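Examination of the molecular architecture
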Amino acid sequence: MVCIALAFTACVKDLNTKPIDPNSSTSFNQDRMFTKCYACLAVIGQKGPGEDSDVEDIDAGTSGFYRTIWYCNELSTDEAWWIWDDAEAKQLNTTNWTGTNTMIRAIYTRLVLDIKYCNHYLTYASEDNDEEKYRKAEVRFIRALHFFYLMDMYLYAPFVTEDSNEFPHFIPRHQLYSWLVDELKELIVLLPDHRITKYRVGKAAAKLLLARIYLNADVYNAKNKAWIKRSALDNAIKYASQAIHDDGQHDLVTSPITTDSGFVYSAYQRLFMGDNHNDDVIKESLLQIYQDGLYAQSYASSQMLIAANRNPGMLPWGIEKEWHSMRTSPTLVDKFLNVSTLQNIDRETAKGMVYDEYHMPAQLKDDRAIFCSDGLNTGYKFTINGDMNLGDTKYMFNSWAGLKFTGVYSTASLPKYSPRQSKDWPDTDIPLLRLAEAYLIQGEAKARKSGNWNDALTDVNVLRDRANAPRLTTMTEEDMLDEWSREFWYEGRRRIDLVRFDRFFGPESDKYRYHWEGRMGKQDMPPAVNSPFFVSGTPEYMNWFPVPSEDKRSNPNYRTDVEGDPLNTYAAQGGDGYPY
């Protein structure tokens, strides 16, 4: 098997089988296990898109790495509304989750399981030549990426770096932070200067992930009594700059493309299309999750992002699947209506804007505003109704559709379907780590270090120039947070940014409220009536997710007095603020 091509059909069946003699093992296939470590980012398990998932006791199609991360980082925020009556999604949307939420349990299980795959490979794989050494470094990076999400999503997390079947011990997130920093610095040395193929990682991916961790360092060290706030900003700038400048294999996509029908796809739109694997587009991605309409089918990656936002009757989107299960929050649309002093379109004016996704960006003067308010032949009139001061769900079915991801190829002629391999499954890859993030990290870190948000202008305007959006001439903290949303909406990271800006939960979060999220109430009322925090306000512990209740009960190594909570504030609530 050529693992570089990521043919995902074969893998080790029994990961618990240890060879008696590593030199004569028949149970460990090094090539296939290497493929599995990458494949765990892209598909749910061994067979098909919706069966035989590696994660049991959950709907298989929702159990994949990307979809579980996406749900937890998007549906809990101001960007996306899930309009199907799925309990786990609605709990995230309405800030009503507990340790029994199936999606929170799924991401916890998925992360721990994928780390086990990586540990298995790292234990038994040989490193007799440069290629094998690079493979080991790449698998270590995949493991580090998973540990990053554990650190980001939980107050403390299970930590295992060996191939073991023992119950894991837990460490606080600030200890995991220290381990990740050391691990990624070592990987910057060990990884290849340039990625060996377009779907494998090189040094630049480790630099970008390290810059992200440094930018969020104050969050991960909030319970670390020895931590000095803002002490990691210089390193965030350093590694973001290295990601931008040190690897000639990566660059921003800046060239639009005109089809033979005369239709223009912007440089930004090309990042999220069916042919975003082309060399002139994938150069922006430092880690791109492989999707293929024939060989890597999954309900948990780009098909979810494409189909969930479509209704029958919309303009062709490259595949025939449509779910009508998701809409943008009006608060996301607001990010493109009122941009500093450059654009002042109020909500009432926007309600009368009826455009499809190909014409809306020009109306909002930003190529990133890939929304549809035109019902076309769907039978719906899309609008953004509702009182901004109410957590009201009754208008969500008619909210603007966010059509950023598409299965259409940039070489297609509208309105015909684009060239594709499958009518049901897109070829659209997921750009999980892309270079644009390095610019915003660099700009924000500079501004936080100096205390002057205008110091972020240069880096922010690089991306606004690419999006054909008017340049900002002044910056505020709110502008910076909004720019993260405008560039990365629907890309599975919004919660991370809200937490860093103290806009998610805790004592400072009331300075930013948004629709139907559970905190939104009338005027100065902190949470919505349907929120469990209507009277008490939103507690700090909602900034992270609960360790699944069943793991707390079944793992004898689960502790409630770990250093992640030095004052043992949350011991009575199960160690992380949530009840058992």
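This report concerns the structure included in the present document. (Residues numbered from 1 in each chain as written. Predicted model: local features only at pLDDT ≥ 70, side-chain atom pairs only at ≥ 80, totals over all residues. Heavy atoms only, no water.)

What follows covers the overall build of the protein. Across its full length, the protein carries 19 helices and 14 strands. Expressed as a percentage of its 580 residues, the buried residues of the protein come to 64%. Look at the contacts in the protein between residues 6 or more apart in sequence, and 69% of them connect residues 24 or more apart. Summed over all atoms, the accessible surface of the protein reaches about 21100 Å², with 48% contributed by carbon and sulfur. (Helix = DSSP H or I, 4+ residues; strand = E, 2+ residues; numbered from the N terminus. Buried < 20%, exposed > 50% of the residue type's maximum accessible area, 1.4 Å probe, protein only. Contact = heavy atoms within 4.5 Å. Areas by Shrake-Rupley, 256 points an atom, 1.4 Å probe, with all protein chains shown as cover.)

Along the chain, R135 falls in helix α5 (residues 130-153). Separated by 13 residues in the primary sequence, R135 and L122 place their C-alpha atoms 9.4 Å from one another.

As a further point, take helix α1 (residues 30-39). Among the ten residues in α1, eight count as buried, and that is most of the element. Of the residues making up α1, those classed as buried are Q30, M33, F34, T35, K36, C37, Y38 and A39. If you follow the buried residues of α1, they end up packed against β1 (45-48), α4 (102-124) and α5.

This part covers the layout of surface pockets. One number sums up the size of the second largest pocket: a volume of about 650 Å³. Taken together, 33 residues make up the lining of the second largest pocket; nearest its centre are D218, V219, V499, R500 and D502. Secondary structure elements with two or more residues in the lining of the second largest pocket: α7 (203-215), α8 (217-220) and α18 (494-500). The element contributing the most residues to the lining of the second largest pocket is α8, with four residues. Looking at the lining of the second largest pocket residue by residue, the classes come out as 16 nonpolar, five polar and twelve charged. (1 Å grid on protein atoms, 1.4 Å probe; cavity = no way out; pocket = protein on both sides within 12 Å on 5 of 7 lines; lining within 4 Å. Points joined across faces, edges and corners; volume = space filled by probe spheres on them. Nonpolar A, V, L, I, M, F, W, Y, C, P; charged D, E, K, R; others polar.)

Next up on the list: the state of the cysteines. Per the counting criterion, the structure on display carries zero disulfides. The thiol of C37 is not disulfide-bonded; the next cysteine sulfur, from C118, is found 4.2 Å away. Judged by its relative accessible area of 0%, C37 is buried. Unpaired in this structure, C40 has its nearest cysteine sulfur neighbour in C118, at a distance of 5.6 Å. (Disulfide = S-S within 2.5 Å.)

Let us now look at the packing of aromatic side chains. Taken as a whole, this structure holds 38 aromatic pairs when the rule is applied. Centre to centre, the rings of W97 and F505 are 6.1 Å apart; their planes meet at 75 degrees, and the pair counts as edge-to-face. Within this pair, whereas W97 is found in the loop between α3 (87-93) and α4, its partner F505 is found in the loop between α18 and α19 (549-554), the two being separated by 408 residues in sequence. No difference in accessibility class separates W97 from F505, as the two residues are buried. Both rings, one in Y156 and one in Y558, keep their centres 6.1 Å apart while their planes meet at 40 degrees; by these two values the pair is tilted. In this pair, Y156 is assigned in strand β4 (residues 156-159) and Y558 in the segment after α19, connecting sequence segments 402 residues apart. Accessibility classification places Y156 together with Y558 in one group, the buried group. A network of ring pairs unites the aromatic residues W70, Y71, W82, W84, Y299, W323, F336, F371, W400, W425, W489 and Y490 as a single cluster. (Phe/Tyr/Trp six-rings, centres within 6.5 Å; stacked < 30°, edge-to-face > 60°.)

Attention shifts here to the pattern of salt bridges. Proximity of charged atoms lets side chains of opposite charge pair with each other. The final tally for this structure, using the stated rule, is 45 salt bridges. A salt bridge links D234 to K449; its shortest N-O distance comes to 2.6 Å. Placement of the pair is D234 in helix α9 (residues 233-245) and K449 in helix α15 (residues 436-450), with a sequence separation of 215 residues. For D234, a relative accessible area of 43% corresponds to the partly exposed category. Of the charged contacts, one joins E491 and R434 as a salt bridge, the two residues approaching to 2.8 Å between their closest N and O atoms. Placement of the pair is E491 in the loop between α17 (477-488) and α18 and R434 in strand β14 (residues 430-434), with a sequence separation of 57 residues. The pair E491 / R434 is uniform in exposure class, with both members buried. (Salt bridge = Lys/Arg side-chain N within 4 Å of Asp/Glu carboxyl O.)

Once that is clear, we can look at empty space enclosed by the protein. Within the structure shown, the criterion is met by five cavities of 30 Å³ or more. Size it by volume and the largest cavity reaches roughly 80 Å³. In terms of lining residues, the largest cavity is bounded by Y149, R212, P431, L432, L433, R434, E437, F488, E491, G492, R493 and I496. Take the lining of the largest cavity: its biggest share by element is four residues, from β14. For the lining of the largest cavity, the class distribution of residues is six nonpolar, one polar and five charged.

Between helix α2 (residues 65-75) and α4, whose axes approach to 9 Å, the crossing angle comes to 135 degrees. Between α2 and α4, the angle falls in the class oblique. Judged by the sense of rotation from one axis to the other, the crossing of α2 with α4 is left-handed. Seen from α2, the contacting residues are F65, T68, I69, Y71 and C72; seen from α4, they are M103, I104, A106, I107, R110, L111 and D114. Residues of the contact of α2 with α4, tallied by class, amount to nine nonpolar, one polar and two charged. (Axes fitted to C-alpha atoms, helices over the stretch in contact; angles between N-to-C directions. Parallel < 35°, antiparallel > 145°, perpendicular 65-115°, else oblique. Left-handed = near helix turned anticlockwise from the far one by under 90°.)

At their nearest, the axes of α7 and α15 sit 10 Å apart, and the two run at 35 degrees to each other. In terms of crossing hand, the pair formed by α7 and α15 is left-handed. Of α15, the residues touching α7 (which contributes L208, A211, R212 and L215) are E437, A438, I441, E444 and A445. Here the residues of the contact of α7 with α15 are counted per class, giving six nonpolar, no polar and three charged.

One finds F65, W70, F141 and L364 to be the most contacted residues of the largest nonpolar core, which totals 168 residues. In terms of nonpolar packing, the next biggest core, distinct from the first, is built from five residues, Y265, M273, Y358 and V408 among them. (Core = buried A, V, L, I, M, F, W, Y, C linked by side-chain atoms within 4.5 Å.)

What follows is about unusual backbone geometry. A negative phi angle is the norm for most residues apart from glycine, just as the trans form is the norm for most peptide bonds. Phi angles above zero are rare outside glycine, and K365 is one such case at about 55 degrees. Checked against the element boundaries, K365 lands in the loop between α14 (360-363) and β12 (371-372). The exposure class assigned to K365 is partly exposed, which follows from its relative accessible area of 45%. One non-glycine residue with positive phi stands out, namely N468, at about 55 degrees.

Let us now look at the environment of A211. You can see A211 is positioned in helix α7. Along the backbone, A211 and A438 are 227 residues apart, and their C-alpha atoms lie at a distance of 7.5 Å. Discounting chain neighbours no more than four positions away, the residues touching A211 are A236, Y239, A240 and I441.

Our next topic: the pairing of β14. Counting buried residues in β14 gives five out of five residues, a clear majority hidden from the surface. Inspection of the sheet shows strand β8 (residues 285-289) paired to β14 by four bridges, in the antiparallel sense. Bridge pairing links L287 to L433 in β14. (Pairing = 2+ DSSP bridges.)

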